[in-house]
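These are the residues of each chain, in order.
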Amino acid sequence: MKILATVKRVPDPETSIKVKPDGSGIVTDNVKWVINPFDEIAIEEALRIKEKVAGSEVVLVSIGGNAAPNDVKEQLRTGLAMGADGAILVVTDAALEPLVVARALAKLVETEKPDLVVMGKQAIDDDSNAAGQMLAELLGWPQATFASKVELSGDQKSATVIREVDGGLETLRFPLPGIVTADLRLNEPRYASLPGIMKARKKELKEIPIGDLEKAGLDVSGRTQLVKMEPPPKRQAGKLVESVDQLVELLHTEAKVI
Amino acid sequence: MSGAAVNTYKADLRAIQFTLYEHLHVEQVFTHAAFSHLSREECDATIEQCLRFVNAYTGPLNGLADRAGCVLENGVVRTPAGFKEAWRKLFELGFMSFPMPREGGGFGGPHAIAVVLEELQSGANTAFNMYQGLTHGAADLIEVFARHEDKERFLPPMMEGRFAGTMCLSEPHAGSDVGATKTRARHVEGNLYDIAGTKCWISAGDHDLTENIIHLVLARIDGAPAGTKGLSLFIVPKIRVNEDGSLGKPNDVVTASIEHKLGIRASATAVLNFGENGGCRGILVGDQPHMGMRQMFRMMNGARIAVGVQGLSVASTAYLNALAYARERRQGSSVKHFKDPNAPRVAIIEHADVRRMLLEMKAKVEGMRTLALKLALHFDLAYALAKTDEAKAMYHQGQVDLLTPIVKAYCSDQSFRITELAIQTYGGAGYVTDHPVEQYCRDAKIFSIYEGTNHIQALDLVARKLQEHGGENFRQFLKEIAEFVDTYSHQPGIGAEVRALGEATDALQRGAGALMEFFMGGKIDQVTLVANAFLESMAEVTIAHLLLQAAIIADSKRGQHGDDQSQEDFDFYSGKVMAAKHYVSYVLPGVHAKIGAMIGGDRSALDVTDGGFSTAF
């Protein structure tokens, strides 16, 4: 069984993000980059399937730069150190919108022919939550988003996925090949072990210039444009009230929440 | 504080990486065959994963485990909740194997990186790391000295974390005085001996983290000469290990008690009775009698460096916690508005005295880290060059030998002082258990005592290390500083500080001369009186040299990027320059005071009568 797991490089959630004064993006100096936490969960799930199903292979896929300051290779190596078998990097320095990402992934699916694509449900930088769904549409494959449990049938021809939906859980079964996007509670990703880190260096990390995919028909034109970024408004100072009565009154008259 | 698991560990990866790659250029080791199987990439990934591990697993247990302590119940030591799980995870991830040789199943990584891993692990949870540190030290000794079949029997389970290790030197009447060891070994057959005696202060002496514990025990074979020369070293498992590796019957090793301590309370410090019932078997290490001290010194030298790194690690997280608190805590107004009672309250980091404490801590912590990493780099280069360039390898080994007592003693002494300054920075909040610094201070105190008290280190330095190779190691050490002073004594912005280093180094040399005169004049008591002051002076010269080196590198980078430089980069590099200047201005002058007193030859502490200390008792 072959599984593709997607990897996006995002700023460490613990980094404090600063927006550039001109609003064109975030300041990236000294930002620590990590694998998108939801993608990390996706990798972990792929590795767990691999551990259960003999002869399986996990290939990581990313789209991004191969040199500083946009180098994604470090995150791919981390995924390889966790235990993935190989990695593919589609090389481009351009910031791509979800649809272009989905189209590029669809091209890779054509050549790699995976039985399953596991992705993070969204990236924590722009929170688009779109590439997985778009990829399913482009491929005409079934999808199960926001997965909190994934189980394959004994013959690996179908998957049963529990999804986290508003107010409850939904169980879906669908035939493979298909797409699963990982939610927070799907699993707890492992750390790369020392043997894993040492082995990662010898694993294949294949770079494909995005131009190669364009020659094969990839359309990189986007439909959206980043207009402006701005930081959230600063929190206003709180107000100290004298009594519970006053609090209730203010919640009613000023905050209008009760 | 209640029972919540809170991770208070803080590490400054950028500062660590600066020292590794921008200052010491540790990446040079990868050009040598001994380390060419690795690159910076794997080393950085290892450091990163290790930091993730400690933040998630051992850091959150630090405070809880301190309050819970270890418990001896029905003859078995129980470690605090969570330790077993963390231990299992630690060995699953395999960090202990990083510096172990590849032939022994390790990864053959450089010690300069291993020291960073140790800093992270020990800083996050010093007590927990004791169990791993001793296991590593014991495994390393077995790897180097044991017979092939003993390696095969004991090493793999130690590397997998199924067996732990200890070192057993001290006895009730033989602490610093190891030569007084009474534990006996009676020959049974082959390399097997019956062991009988009591060992105390045994760190990680008993616990429930592993299925077996391998004690390395110093004992005297019947008929062997008195003193250290008659000591032999034995592998003494808690539970006997059959030749096929399976566990046999208990080996008559009894935990008599564990200590109740000021700090590292989650590290079990045991009194162990060997062979109370005549059933304790030991295997002579390498089948070589009377070589025990020489063999044990391998583990002791490693452990001494490790204790220095412990000092660094706790000091660093104490400093970074104090810094975070000082940025947050508001108290008092700016001194500029001291007459205005309505002036806005400011964060305490704005007060000059708090800044003084913070910068002193920063300078010492970063100086100590550089010193420890430089020692480790010497170690790696000595190893890497051993077969290709004997002269260079000898130079590097000489610096390892010379700097070992300095790393052990200075980093451990200063660790306690830095953690104390961290408490002072917090004020009252630092004295209570709501904040982590009081524990750091308690944990840090043992570092100057165990693994050879700091006076033993000072004696090792003045009586042995200074003279080694006809004084060549010390000459090389001085030469390196002299060349630095020559090159940079007129460096814009920092030349005065470099010249001050030159003067302090001259004073240090005069101090070494005075020591020689005391030796020649038979005034051995005077040597022992001033040995600690000499060690501290030499450490301060060393640290000042390293901080100034770092400052000059940082200063060149601060200018390089001009307006494009980010505020963070500018702050980072400026901080390096300021820390060096502060250390040279406020700490280094102490060298002149100490050396002056040495040369002055004051003997008051020797000449005062015993009753002169007080007539009250």
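Further up the page is the structure itself.
On a predicted model such as this, the values are computed, not experimentally measured, just so you know. (Residues numbered from 1 in each chain as written. Chains lettered and ligands numbered in written order. Predicted model: local features only at pLDDT ≥ 70, side-chain atom pairs only at ≥ 80, totals over all residues. Heavy atoms only, no water.)

A. Broad picture of the overall build of chain B. Helices and strands together make up the secondary structure of chain B, namely 20 helices and 14 strands. Since a compact globule built from 617 residues should have a radius of gyration of about 25 Å, the 25 Å found for chain B is in line with a globular shape. Projected onto its principal axes, the C-alpha coordinates of chain B cover approximately 80 × 65 × 60 Å. Burial statistics for chain B: of 617 residues in total, 57% are counted as buried. Sequence separation of 24 or more characterises 75% of the internal contacts of chain B that already satisfy a separation of 6 or more. Here chain B displays about 25,000 Å² of accessible surface, and carbon together with sulfur accounts for 53% of that area. Side chains of chain B give 60 positive and 72 negative charges; the mean places of these two sets differ by 3 Å. (Helix = DSSP H or I, 4+ residues; strand = E, 2+ residues; numbered from the N terminus. Rg over C-alpha atoms; globule rule 2.2 N^0.38 Å. Buried < 20%, exposed > 50% of the residue type's maximum accessible area, 1.4 Å probe, protein only. Contact = heavy atoms within 4.5 Å. Areas by Shrake-Rupley, 256 points an atom, 1.4 Å probe, with all protein chains shown as cover. Lys, Arg positive; Asp, Glu negative; His and termini not counted. Charge placed at Lys NZ, Arg CZ, Asp CG, Glu CD.)

B. Quick peek at the packing of helix H8 (residues 292-328) of chain B against helix H10 (residues 390-426) of chain B. All names here are of chain B. Contact geometry of H8 with H10 gives a least axis separation of 8 Å together with a crossing angle of 20 degrees. Put simply, H8 runs roughly parallel to H10. Note on packing geometry: the crossing formed by H8 with H10 is left-handed. Across the contact of H8 with H10, the residue classes tally to 14 nonpolar, 8 polar and 2 charged. (Axes fitted to C-alpha atoms, helices over the stretch in contact; angles between N-to-C directions. Parallel < 35°, antiparallel > 145°, perpendicular 65-115°, else oblique. Left-handed = near helix turned anticlockwise from the far one by under 90°. Nonpolar A, V, L, I, M, F, W, Y, C, P; charged D, E, K, R; others polar.)

C. Examining the packing of helix H5 (residues 111-124) of chain B against helix H9 (residues 352-385) of chain B more closely. All names here are of chain B. At a minimum axis separation of 7 Å, H5 and H9 run at an interaxial angle of 145 degrees. Residues His111, Ala112, Val115, Val116 and Glu119 of H5 form the contact with H9, whose own contacting residues are Arg369, Ala372, Leu373, Ala376, Leu377, Phe379 and Asp380. Residue classes in the contact of H5 with H9 are distributed as 8 nonpolar, 1 polar and 3 charged.

D. Focus on empty space enclosed by the protein. All names here are of chain B. A full pass over the atoms with the stated rule returns 1 cavity of 30 Å³ or more. Taken as a whole, the largest cavity holds about 80 Å³ of empty space. Those elements that place two or more of their residues in the lining of the largest cavity are H9, H10, helix H14 (468-488) and helix H16 (524-560). (1 Å grid on protein atoms, 1.4 Å probe; cavity = no way out; pocket = protein on both sides within 12 Å on 5 of 7 lines; lining within 4 Å. Points joined across faces, edges and corners; volume = space filled by probe spheres on them.)

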